[in-house]
Amino acid sequence: MLFRSQPIEAPTEDADTTAGVLRRSWLFSQVDPAQVESLAPRVRWIRFGPGETIVREGDEGTALFQVVRGSVEVFKNDGTTQGRAVTKLDSDEIFGEMSFFTGSSRSATVRSRGETVLLEVHRGDLLPILESDPSLLEQLSLIVATRR
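Starting from 1, residues in each chain are numbered consecutively following that chain's sequence as written. Local features in a predicted model are, by the rule used here, given only for residues with pLDDT of at least 70; side-chain atom pairs are given and counted only at 80 or more, and totals for whole chains, interfaces and linings are based on all residues. In computing side-chain values, all of the structure's heavy atoms are included and hydrogens and water are not.

The numbering of helices and of strands both runs from the N terminus, where a helix is a DSSP run of H or I of at least 4 residues and a strand a run of E of at least 2. Locating Val121 in the fold gives a position in strand β9 (residues 116–122). Working definition: with a 1.4 Å probe on protein chains only, accessible area under 20% of the residue-type maximum means buried, over 50% means exposed, and in between means partly exposed. By relative accessible area, Val121 is classed as buried at 1%. By definition, residues are in contact when any of their heavy atoms lie within 4.5 Å. When neighbours within four sequence positions are excluded, Val121 is seen to be in contact with Leu22, Phe28, Leu39, Val43, Thr62, Ala63, Leu64 and Phe100.

Here it is, written out as structure tokens:
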């Protein structure tokens, strides 16, 4: 679930730019460039202000995110209002992939640290590519499992 996001203005939304940004991540750098190019037009650019919640621990996770500009902080529930900070993610890093691929609920809350721009990839965005190349799902699952 997203909170108070705004689409970023054009021309940043152009598909060639989006594909180039996706390929800078550890996840999409492993995917055939033609498949990334076919995904790019479906990907959404979103912006968050300082301290905004992007995903909340326990929520359903149907999208993964790539940091384009700025950074985010990941928090685990520890019984306090804020939670315990566990890591910071910067440009080209991905988060939300475990929920995205497994269907499990979000394992942490993620908040923007300042003005932050993200790419948002919904599960449905990737389905046409996975249907045309079923081996890609296995490849992506192995990449995610290895990282974890």
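Let us now look at the pattern of salt bridges. Every case where a carboxyl oxygen of Asp or Glu lies within 4 Å of a side-chain nitrogen of Lys or Arg is listed as a salt bridge. In total, this model carries 7 salt bridges according to the counting rule given. Two residues, Glu37 and Arg23, come together in a salt bridge whose shortest N-O distance is 3.9 Å. Taken together, the residues span a long stretch of sequence, with Glu37 in helix α2 (residues 33–39) and Arg23 in helix α1 (residues 15–23) at a distance of 14 residues. The exposure class assigned to Glu37 is partly exposed, which follows from its relative accessible area of 46%. Taking the shortest distance from any N to any O, the salt bridge between Arg44 and Glu120 comes out at 3.2 Å. Taken together, the residues Arg44 in strand β2 (residues 44–48) and Glu120 in strand β9 connect sequence positions 76 residues apart.

What follows is about the sheet that holds strand β3 (residues 53–55). The pairing of strands in a sheet happens through backbone hydrogen bonds and is either parallel or antiparallel. One bridge is not enough; two strands pair if DSSP finds at least two bridges between them. Here 4 strands make up an open sheet; going across it, the order is β3-β8-β5-β6 and the pairing antiparallel. Each edge of the open sheet is held by one strand with a lone partner, namely β3 and β6 (84–89). Going from strand to strand, the sheet's axes swing by 30 degrees on average, the running direction of each strand aside. Summarising the sheet, strand β5 (residues 72–76) and β6 pair through 5 bridges and their orientation is antiparallel. Its bridge partner being in β6, Val74 is matched across the sheet by Thr87. Throughout, an axis means a line fitted to C-alpha atoms (over the contacting stretch in the case of helices), and angles, computed between N-to-C directions, take values from 0 to 180 degrees.

Turning next to the environment of Asp125. In this fold, Asp125 is placed in helix α4 (residues 123–132). Given a relative accessible area of 12%, Asp125 falls into the buried group. Taking the C-alpha atoms as reference points, Asp125 and Leu39, 86 residues apart in sequence, are found 6.7 Å from one another. For Asp125, the residues in contact, after removing those within four places along its chain, are Leu39, Arg42 and Glu120. In the analysis that follows, any N or O atom pair within 3.5 Å is treated as a polar contact, provided that within protein one partner can donate a hydrogen and the other can accept it, and provided that, for residues neighboring in sequence, both atoms belong to side chains. One polar contact links the side chain of Asp125 to the main-chain amide nitrogen of His122, over a distance of 2.8 Å.

In summary, the pairing rule links any two rings of Phe, Tyr or Trp, Trp by its six-membered ring, whose centres are within 6.5 Å, and it sorts them by plane angle into stacked for under 30 degrees, edge-to-face for over 60 and tilted for everything else. Overall, the coordinates contain 2 aromatic pairs when judged by the stated rule. Judged by centre distance (5.1 Å) and plane angle (20 degrees), the rings of Phe65 and Phe95 are stacked. Placement of the pair is Phe65 in strand β4 (residues 63–69) and Phe95 in strand β7 (residues 94–95), with a sequence separation of 30 residues. Residue Phe95 is classed as buried on the basis of its relative accessible area of 5%. Seen in terms of ring centroids, Phe100 and Phe101 are 4.9 Å apart; in terms of plane orientation they differ by 80 degrees. Their pairing is edge-to-face. When the ring centre of Phe75 is taken as reference, the NZ or CZ atom of Arg111 above it lies at 4.4 Å. Put simply, a charge is over a ring when the Lys NZ or the Arg CZ is close to the ring centre, within 6 Å, and near the line of the ring normal, within 35 degrees.

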